[in-house]
Amino acid sequence: MRLAIVGLGKMGQSILKGLLEAGFLPPEAVGVLDRSPELTEARARAFGVRPLTLMDLKRVARDLAHPGVGYLSIMAGVSTRRIAAALGTRRVVRAMPNLAATIKKSTTVLTALPEARDAGDLAFAEGLFATVGSVHPLDEALFDAFTAMSASAPAYLALVAEALADGGVRMGIPREAALRFAAEVLEATGALLSAKHPALLKDEVASPAGTTIYGLKEIEEAGVRGALIRAVAAATARGRALGEEE
């Protein structure tokens, strides 16, 4: 077995699906363990991989502490140093993907202890997460900030989309159409932002005395920009607090 995945929530399933569809590993090289034996069996059957039992997990945990095995964590707030101390091995890679992994559009950052880099664990993680989106190196000191800004961003932007749709509904657009329009414009804006600075894009849309600049005035007066900045700061602080909890 090359890879054991412990926990198959949305993120775990997305990573598993991505690596199998990309042929990164064959199904027989992957083992999975979920919250109960029934869920484990069901997930294993669905993906054609090996189910692990609690006894297997104990064996896997012992192996993880062995120099010949690397460990990859997507736990928010828990540093490579703490993981290494708990497992007794310094072959630790830390990753932070986001929910867009479910559609292979995740932005994932990675960091690793030197021993994990030297053993090829970091390269393995880069290949693994490339199956569900883009992969970037990041200093571990910035992981909590990244989690707050990028990993949490789908929730923030979903709130923006819902608010835009509510505004459309208030002005008479049917709910279903308003939600569709909001989703499409956010997707298109994301594509535009890959080539343009946000301020430039905003200025191109906001023509003098036009409708957009009037809308932007209301957004700024409502403190939306500041609220998003504070949201990132608050989520960063929570990530750091999680790292301090036992």
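**Student:** Mind showing me how you'd approach the overall build of the protein here?
**Tutor:** Tallying secondary structure elements over the protein gives twelve helices and seven strands in all. If you line up the protein on its principal axes, its C-alpha atoms span 65 × 35 × 30 Å. By residue count, 32% of the 246 residues in the protein fall in the buried class. For the protein, long-range pairs separated by at least 24 residues make up 54% of all intrachain contacts whose partners lie at least 6 apart in sequence. In the protein, 28 side chains carry a positive charge and 27 a negative one; their mean positions are 2 Å apart.

**Student:** Where do I start with helix α6 (residues 121-130) in this structure?
**Tutor:** Structurally, the α-helix is built with 3.6 residues per turn, so residues lying three or four positions apart point the same way. Among all positions of α6, only Asp121, Leu122, Ala125, Leu128 and Phe129 are buried. For α6, the angular spread of the buried residues around the axis is 120°, confining them to a single face.

**Student:** Please explain the nonpolar core as it appears in this structure.
**Tutor:** Looking at soluble globular proteins, one finds that nonpolar side chains tend to be buried together. Among the nonpolar cores identified, the biggest contains 24 residues, and Ile5, Leu16, Leu19, Val30 and Val32 are the most heavily contacted of them. Counting only elements with at least two residues in this core, the list comes to β1 (3-6), α1 (10-21), β2 (30-33), β5 (92-96), β6 (106-112) and α6.

**Student:** Which parts of the structure should I look at to understand the side chain of Asp121?
**Tutor:** You can see Asp121 is positioned in helix α6. Here Arg91 takes part through its side chain, which lies 2.6 Å from a polar atom of the side chain of Asp121. The contacts of Asp121, once residues within four sequence positions are left out, are Gly70, Arg91, Val93 and Ala116.

**Student:** Sorry if this is basic, but what is going on with the sheet that holds β6 here?
**Tutor:** To summarise the sheet geometry, strands pair through backbone hydrogen bonds and adopt either a parallel or an antiparallel arrangement. The four strands lie next to each other as β4-β5-β6-β7, forming an open sheet whose pairing is mixed. Strands at the two margins of the open sheet, each flanked by one partner only, are β4 (71-73) and β7 (133-137). Each neighbouring strand pair of the sheet contributes to a mean axis angle of 25°, computed without reference to strand direction. Strand direction decides the pairing type here: β6 and β7, joined by five bridges, are parallel. Paired with Thr108 across the bridge in β7 is Val135. Lying on the sheet, α6 is in contact with β4, β5, β6 and β7; it crosses β6 at an angle near 175°. Docked against the sheet, helix α7 (residues 143-151) engages β5 and β6, running at close to 30° with respect to β5.

**Student:** Could you clarify how one ought to interpret the environment of Lys17 in this entry?
**Tutor:** Here Lys17 shows up in helix α1. When the C-alpha positions of Lys17 and Met75 are compared, they lie 19 Å apart, and in sequence the two are 58 residues distant.

**Student:** It is not clear to me how helix α4 (residues 80-87) should be interpreted in this structure. Could you clarify?
**Tutor:** Buried residues of α4: Thr80, Ile83 and Ala84, and no others. Seen from one end, α4 has its buried residues packed into an arc of 100°, which puts them on one side. Opposite the packed face of α4, turned more than 90 degrees from it, sit the exposed residues Arg81, Ala85 and Ala86. Residues of α4 that are buried sit in contact with β4, β5 and β6.

Parameters at a glance
Residues numbered from 1 in each chain as written. Predicted model: local features only at pLDDT ≥ 70, side-chain atom pairs only at ≥ 80, totals over all residues. Heavy atoms only, no water. Helix = DSSP H or I, 4+ residues; strand = E, 2+ residues; numbered from the N terminus. Buried < 20%, exposed > 50% of the residue type's maximum accessible area, 1.4 Å probe, protein only. Contact = heavy atoms within 4.5 Å. Lys, Arg positive; Asp, Glu negative; His and termini not counted. Charge placed at Lys NZ, Arg CZ, Asp CG, Glu CD. Arc of directions from axis to C-beta. Core = buried A, V, L, I, M, F, W, Y, C linked by side-chain atoms within 4.5 Å. Polar contact = N/O pair within 3.5 Å; in protein donor to acceptor, adjacent residues only side chain to side chain. Pairing = 2+ DSSP bridges. Axes fitted to C-alpha atoms, helices over the stretch in contact; angles between N-to-C directions.

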